[in-house]
Amino acid sequence: MSRLLATSALALCLLGASPAFAQTQPPAAPGYVLPNTETWELKGEDGYPYQIFVSRPAGPAPEGGYPVLTVLDGNAMFAGFAETRRMHEYMKADSGKAIVVGVGYRTDKAYDIRRIFDLTGGPPPPPWDVQLGKVPNGGWDKFLDFLTGKLRSELDRRYTINRDRQALYGHSLGGLFAVHALFTRPTAFHALIAASPSLFWHDREMQTEERDFAAGLQAGRIQKVSRLMVVWGEREDTMLERWDAETFVRRMEPLSAFGLRTRSEAYADEVHITVPSRSVTSTLRFAFTWP
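Residues numbered from 1 in each chain as written. Predicted model: local features only at pLDDT ≥ 70, side-chain atom pairs only at ≥ 80, totals over all residues. Heavy atoms only, no water.

**Regarding the pairing of strand β8 (residues 262-267)**
The following threshold applies: Two strands qualify as a pair provided DSSP detects at least 2 bridges between them. In this text, helices come from DSSP runs of H or I with a minimum length of four residues, and strands from runs of E with a minimum of two, each type numbered from the N-terminal end.
Two strands pair when backbone bridges link them, and strand β7 (residues 227-233) and β8 are joined in this way by six bridges, in the parallel orientation. Within β8, the position partnered with Met229 by the bridge is Arg263.

What follows is the structure, given as structure tokens:
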């Protein structure tokens with residue numbers, strides 16, 4: 001998160017440092033609008049206004065309703081997924097017949113500090129606690145309630161969705177959130193994609209959740225479970241995200257004997273922030289290819 005905030009701050013500094021250049025430019029032209037997309041606002045139970053971005057097929061919903069891929073950090077991620085979904089629709093692929101939903105914030109920036117609250121279960125670990133220790137955190141269960149409750153119902157009201165074909169994509173802290181969703185609500189989504197998951201953020205808590213999940217699956221207490229894809233870059237800036245992803249996948253693979261389907265991929269030459277762009281097509285295929 002600190003890297004992302006620093007990147008945004010640097011961009012603002014560069015823009016602010018060149019007023020003379022800005023004055024010589026012609027009047028701004030209208031912004032580009034992605035075809036077959038729309039955006040609207042939906043408030044959480046605490047009144048917080050989330051910006052919802054939707055990319056949907058041109059035709060009517062298929063029998064049973066549209067499958068849905070929910071993409072976290074929608075301000076940063078939605079456009080890539082939306083345009084790729086549209087190209088898949090053009091090619092008449094199954095992944096083009098679904099709805100992509102970006103969940104974001106009322107900002108023009110790629111990321112918003114609110115994500116610390118939505119995507120985590122508590123305070124940040126060292127050394128991030130120095131910079132982010134006073135930022136509201138720990139709201140991931142409330143956010144998960146919002147995604148699977150109010151948002152899902154509103155999507156069904158507007159578009160008619162298939163509630164059994166719901167996938168979730170998250171990167172970095174979003175990947176941490178996706179793993180938390182798998183462990184604590186294994187039936188909430190049919191597919192989960194965790195890209196460069198920041199599992200170290202809640203090291204002990206995630207280990208406890210993992211043991212409880214594995215024990216429940218092995219004992220037969222979990223009858224239905226999401227399928228899981230984990231991706232990461234070979235050149236992750238914080239190497240813990242690579243090491244943790246690799247070992248996490250190895251621990252999950254034996255659970256295939258108890259119903260957990262797992263896929264993983266390491267992207268050559270990709271760093272932390274470039275993993276999402278690389279993962280778009282594989283995510284859509286993983287989420288929407290039968291079963």
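**A word on the pattern of salt bridges**
Here is the rule: Here, a salt bridge means any Lys or Arg side-chain nitrogen found within 4 Å of an Asp or Glu carboxyl oxygen. For every residue, the accessible area obtained with a 1.4 Å probe (protein chains only) is divided by the maximum for its type, and the residue is called buried under 20%, exposed over 50%, and partly exposed between those limits.
Applying the stated criterion across every chain, the model contains 16 salt bridges. Across the pair Glu154 and Arg158 runs a salt bridge whose closest N-O atoms are separated by 2.7 Å. One end of the pair is Glu154 and the other is Arg158, both in helix α6 (residues 140-159) and four residues apart, which spans about a single turn. Owing to a relative accessible area of 14%, Glu154 belongs among the buried residues under this scheme.

**Things to note about the packing of helix α7 (residues 173-184) against helix α8 (residues 203-218)**
Note the threshold: Here, axes are lines fitted to C-alpha atoms. For helices the fit covers the stretch in contact, and angles between N-to-C directions go from 0 to 180 degrees. Working rule for handedness: look at the near helix, and if it is turned counterclockwise from the far one by less than a right angle, call the crossing left-handed; if clockwise, right-handed. We call two residues contacting when some pair of their heavy atoms lies within 4.5 Å. The classification used treats Ala, Val, Leu, Ile, Met, Phe, Trp, Tyr, Cys and Pro as nonpolar, Asp, Glu, Lys and Arg as charged, and all other residues, Gly among them, as polar.
It is the contact of α7 with α8, at a shortest axis distance of 9 Å, that shows an interaxial angle of 35 degrees. The crossing of α7 and α8 is left-handed. Touching Leu176, Val179, His180, Leu182, Phe183 and Thr184 of α7 are Met206, Glu209, Glu210 and Phe213, all from α8. For the contact of α7 with α8, the class distribution of residues is six nonpolar, two polar and two charged.

**Re the confidence of the model for the protein**
Let me state the cut-off plainly: Per residue, pLDDT captures the predictor's confidence, and it can take any value from 0 to 100.
Per-residue confidence for the protein gives a mean pLDDT of 91; residues scoring 70 or more make up 92%. Low pLDDT, under 50, characterises residues 1-21; the predicted model gives this stretch 18 contacts beyond four residues in sequence or across chains.

**Brief notes about the side chain of His171**
Filter applied, for reference: In protein, a polar contact means a hydrogen-donor-capable atom and an acceptor-capable atom, both N or O and within 3.5 Å, with residues adjacent in sequence counting only if both atoms are side-chain atoms; elsewhere, any N or O pair within 3.5 Å suffices.
Take His171: it is sitting in strand β5 (residues 161-171). A polar side-chain atom of His171 sits 2.9 Å from the main-chain carbonyl oxygen of His272. Ignoring any residue separated from it by four or fewer positions in sequence, one finds His171 in contact with Asp73, Met77, Arg115, Ala195, Ser196, His272, Val275 and Pro276.

**Considering the packing of aromatic side chains**
Threshold: Here a Phe, Tyr or Trp ring, Trp counted by its six-membered ring, pairs with any other such ring whose centre lies within 6.5 Å, and the pair is stacked when the planes are under 30 degrees apart, edge-to-face when over 60, and tilted otherwise.
Under the defined criterion, the tally for this structure stands at 13 aromatic pairs. Geometrically, the ring pair formed by Tyr50 and Phe143 is tilted, given 5.5 Å between the ring centres and 35 degrees between the ring planes. Taken together, the positions of Tyr50 in strand β2 (residues 49-55) and Phe143 in helix α6 put the pair 93 residues apart, joining distant regions of the chain. The exposure class of Tyr50 is buried, given its relative accessible area of 2%. Ring pairing ties together the aromatic residues Tyr48, Tyr50, Tyr105, Phe143, Phe146 and Phe177, which thus form one cluster.

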